[in-house]
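# An overview of the molecular structure
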Amino acid sequence: MGKRKVAALEKVEADLAGLQYKIRRDPLAYEKEFLDHFRQYGSSLDQFMAAPLSSDSGALISFREQIDLIAHVADLYPEHTAGFADELKEIITKHHAILEPELREKVVSSLVLLRRKEVVDSSYLLTTLFPILTTTPSKSLRSLLFTKIVSDLRSSNTKTVNHKLNRTMQTVLYNLVTSDPSSPKALWAVKLTREMWKRQLWTDAKPVDVMRQACLADNEKVVVGAVRFFLGGDKEREEMEDDESEDENIDIRKVKHQIGINKKTKKKAKALEKAVDKVKRQERKKHAPHPLNFSALHLLHDPQGFAEILFQKHLQGSKVKLSLESKLLVLQLVTRLVGLHKLTVIELYSWFIKYLTPKQQSATSFLASLAQATHDHIPPDVLEPLIEKIANEFVSEAAAAEVCSAGINSIREICARQPLAMGDSLLQDLVQYRKSKDKGVSMAARGLLSLYREKGAELLAKKDRGKDATMGLKSGDQKQRKFGEEAVGEIEGLELLEKWKEEERKRKRAEKGLPEDADGDENDEEEEQDDWEVASMDSDSSGEWIRVSDSEDEDEPIPKKQKKSDEDEEAEDKDAEEEIKTLSKLATTSILTPADLAKLRELRMEANIDQAMGNRKRKQQEAQQRHIDEGLTAEQIEAPAKLRKTTKEERVAMAKEGKPEREEHKSTQAIRKSKKEAEGKSTTNKEKARKKNFLMTLSKAKNKNRRSLTQTRNILKAHIERSKSGGRRRNGVSK
C-alpha cells in the first residue's frame, strides 16, 4: 500500500472520529451525515458478503471504521440501526474462520459495545459468541471471546444476581458436556464454570452438577479440568477474594496530598474520584452480609453414586485410557469424597493392594489417598490387610529411611481415622522403631505411639503406655471405642464443672464442720441460689473463683506416699467404675446458672492450656480431622525436609532469601562503604588517616606524647570551641 493511500485512510479515520464526537453532542443536527455513512456501510456490507476473500485491504479498513462509527452511535438512531446487530452476528458467525484479525476483533468489540449500550441483551450476545468459542480454530479469537463472555457475565451479576441469565448459560454448558462425552468442546464449559466459581458469581449446586458430568466424560483433558475444580476450586476462590481485598486498600489522604502539592489537572481529579468510589465500595462490602460459600464437594447431589461411578469408570475398568498422573487426580477426588462424606466403597480398598509397594511410581500419593479414604465407618477387617501390606513392604531394617518413615506415617494417618484396624503385635513392633537412629523414622514411630496412647492404649505394652494412659485405663476414663459406636452428645467440659462443684461442696461442708458424705441437697439449693445472685451482679465485683487442688490446699498436710495393698487397688477400681456409671448427671438433674456457664468456660480454657502445654492430644485431633477440610497430600506422608541435614548451597540460598538487593553476603560497614562509593562520596579524615603510611604518622604520635599539660589543655579547649562553631569552616555559627 502506497504512502498516499495510507495517508488518505488515516484522514478518513480522523474524519469519522470527529463526526462521531459531533453526533454524540447533537444527534439531530448530524442525522443527514450519519445516514450518508450508513448507506456507505450498507454497500460495503453487500460487497463483503458477496466476496469476503477478494476484498481490497483499503476497502476492509474503511468497512471496519464504518462499523465502529455505527456501533458507537447506534443507540441514538434506533429506527435506522434496528438490524445492525443481526448483520454483525451474521458476519462473525459465517466468516469468523476467514475474517481479517483486525476486522474480526472490531466486529466482536462492536457487539460488546451494543450490549453495553443496551441495544442488545446479554442472552443475545452470549448465544452469539459462545458457539464460536467452541468451534473456531484461532487461538487469539478464543482468548478474546472467553474474556468478553466472562466480562459480560460479571457485569450482568454486579448489582443483583441475574438468575435467568445464569440458568440459561448453565443449561447451555450442561448440554454441551452431556451431548458428546468424547468431544473436547466440553473443556470450554469446564473453564467457564471454574472461572465463574472463582469469581463467586456462581455459587449454587447447578455449576457443581455441570462439573460432575464433566468428571464422567471420556476426554482426558475435560476429566482432568473438572477433577481439578473439585480439588482446588474453593482454594482459588479464597485466594481471589484475598487479592481483591488487598487491591482495594487506597490511602485517600495520600492522594489528596499529592493533588494539593502538585499541579491540579482533570486527570488527577478523576483519579481522586475513582479512589473515593473504591473506598465507598469497600465500606459497603464491610457492612454487607457475608455470603454462604459452600464447598463444591458439599453441594454434590449424590456423592455416594458419584464416587462409585467415578471409581468404576476411570480406575477400576479394564478399558481405562487415563495416564498415571490423571489417575492419581481422580483417585484423590474419589478418596476425598469417601473420607468427607463417610461413604462405603469396599472395592476401593482391595484395588489399593497392588499399588502399595515402594517400587510403584508416586507411591506416597497412593498412600496419602488410602489414608484419606479411611474413616470410622469402614470395617477394620477391610483395612487390616492393607496395613500389613504397608508394614511388610515399607517398614523394615533393610529399607531406606525415607521409605520406612513414609510407611509408618501412612499407617499412623490410617489409624488416626480408624484405630481398630491395628493389631497389638504389629503395633508393638512398629513402636520399637522410635529407637531408630534416623530422625524421620524415629519421629514417625513416636507419632504412632502417641496416637495409640490416646486412641487404644490397651494395645500397647505396659511400659509404652505412659502415665496418663495407664491412669486413664485404670480409672476407666479412657477406653477404646467399639466399631459402630458413636460418641454420646453432651456439653463439652461438663465433667470438669461437675468435679469442681463436688470439690466446692466438700470444702464448704468441711468449713462448717459437717461430714462430707452427708446429704447436701439443702446446701446445694442455697449454693445454686447464691450463684444466680452472683451472676446478676457486675462481673468485676462478683469476686474471683477459688481454685482448689491437692497441691495448693494449705489447710491439710500432704500425706507421704505409701505402698498400696491389693484391697486399696480394688477399692479404687470400684470407685472408678461407679464414677463411669454416674457420668455427668449435672445437665439432666439441674439447671446451669450463668455463674456455672462462666465457670465452665474458665475450666475449659484451663484444660485446653494444660492440654497444649502437656501432651499431644490436640495435634492428634488435628491430624484426625485434617482430611475433612483440606485433604491429605503426599508431602505430609513423606518425611519433612527439615529432618535431614541441609547442604551448604541450601543454607546460602536460605540466607539470601528475602534479601534480593544483596549480591553477596557483606557486613554492614562494607555495605555502607560500597553505597558511599556508588553515590560518589569521599571518605572521612579518620578513614584517610587509617590508610596513611605508618612512618608518616610517627612524628605526630611522638609529638603527642611530648605535650605538656598546658598544651593539652589549650588543644582540647580549641577543639571544643571549633565543635561549637561548626568546625574549621564555621558552618554552624549561630549568634
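Here we summarise the structure given alongside this text. (Residues numbered from 1 in each chain as written. Predicted model: local features only at pLDDT ≥ 70, side-chain atom pairs only at ≥ 80, totals over all residues. Heavy atoms only, no water.)

As a packed pair, helix 19 (residues 401-417) and helix 21 (residues 439-455) sit with axes 8 Å apart at the nearest point and diverge in direction by 15 degrees. It follows from the interaxial angle that helix 19 and helix 21 lie roughly parallel. Once helix 19 is placed against helix 21, the crossing between them reads as left-handed. Between helix 19, through Ala401, Cys404, Ser405, Ile408, Asn409, Arg412, Cys415 and Ala416, and helix 21, the contact on the second element is made entirely by Gly440, Val441, Ala444, Ala445, Gly447, Leu448, Leu451 and Tyr452. In the contact of helix 19 with helix 21, the residues fall into eleven nonpolar, four polar and one charged. (Axes fitted to C-alpha atoms, helices over the stretch in contact; angles between N-to-C directions. Helix = DSSP H or I, 4+ residues; strand = E, 2+ residues; numbered from the N terminus. Parallel < 35°, antiparallel > 145°, perpendicular 65-115°, else oblique. Left-handed = near helix turned anticlockwise from the far one by under 90°. Contact = heavy atoms within 4.5 Å. Nonpolar A, V, L, I, M, F, W, Y, C, P; charged D, E, K, R; others polar.)

Applying the stated criterion across every chain yields a total of 15 aromatic pairs. Ring centres 5.5 Å apart and planes at 65 degrees place the aromatic pair tyrosine 41 and phenylalanine 84 in the edge-to-face group. Separated by 43 residues along the polypeptide, tyrosine 41 in helix 2 (residues 31-50) and phenylalanine 84 in helix 4 (residues 84-95) bring together distant segments of the chain. Ring plane angle 70 degrees and centroid distance 5.3 Å describe the contact between phenylalanine 229 and phenylalanine 230, whose orientation is recorded as edge-to-face. With respect to class, phenylalanine 229 is no different from phenylalanine 230; both count as buried. Joined through ring pairs, the aromatic side chains of Phe34, Phe38, Tyr41, Phe48, Phe63, Tyr77 and Phe84 make up one cluster. The ring of tyrosine 124 carries the charged tip of lysine 89 above its face, separated from the ring centre by 4.9 Å. Above the ring of tyrosine 174, the side-chain terminus of lysine 206 is found at 5.1 Å from the ring centroid. (Phe/Tyr/Trp six-rings, centres within 6.5 Å; stacked < 30°, edge-to-face > 60°. Buried < 20%, exposed > 50% of the residue type's maximum accessible area, 1.4 Å probe, protein only. Lys NZ or Arg CZ within 6 Å of the ring centre and 35° of its normal.)

With that out of the way, let us pick up helix 19. A rise of 1.5 Å per residue sets the reference length of helix 19, with its 17 residues, at 24 Å; its end C-alpha atoms lie 25 Å apart and thus fit the reference within 8%. Counted residue by residue, helix 19 has 14 buried out of 17 residues, so it is predominantly covered. (Expected span 1.5 Å × (residues − 1).)

Attention shifts here to the packing of helix 9 (residues 186-198) against helix 10 (residues 205-215). Running from N to C, helix 9 and helix 10 cross one another at 145 degrees; their axes reach a closest spacing of 10 Å. Helix 10 is crossed by helix 9, and the crossing has left-handed handedness. Contacts between helix 9 and helix 10 involve Val190, Thr193 and Trp197 from the first element and Pro207, Val208, Val210, Met211 and Ala214 from the second. Across the contact of helix 9 with helix 10, the residue classes tally to seven nonpolar, one polar and no charged.

For the rest of this paragraph, the subject is the environment of glutamine 636. Mapped onto the fold, glutamine 636 is located in helix 30 (residues 634-637). Here the alpha-carbon distance between glutamine 636 and glutamate 413, two residues 223 residues apart in the chain, equals 9.6 Å. A polar atom in the side chain of glutamine 636 sits 3.2 Å from the backbone nitrogen of threonine 633. (Polar contact = N/O pair within 3.5 Å; in protein donor to acceptor, adjacent residues only side chain to side chain.)

On their own, these measurements won't tell you what the molecule is for.
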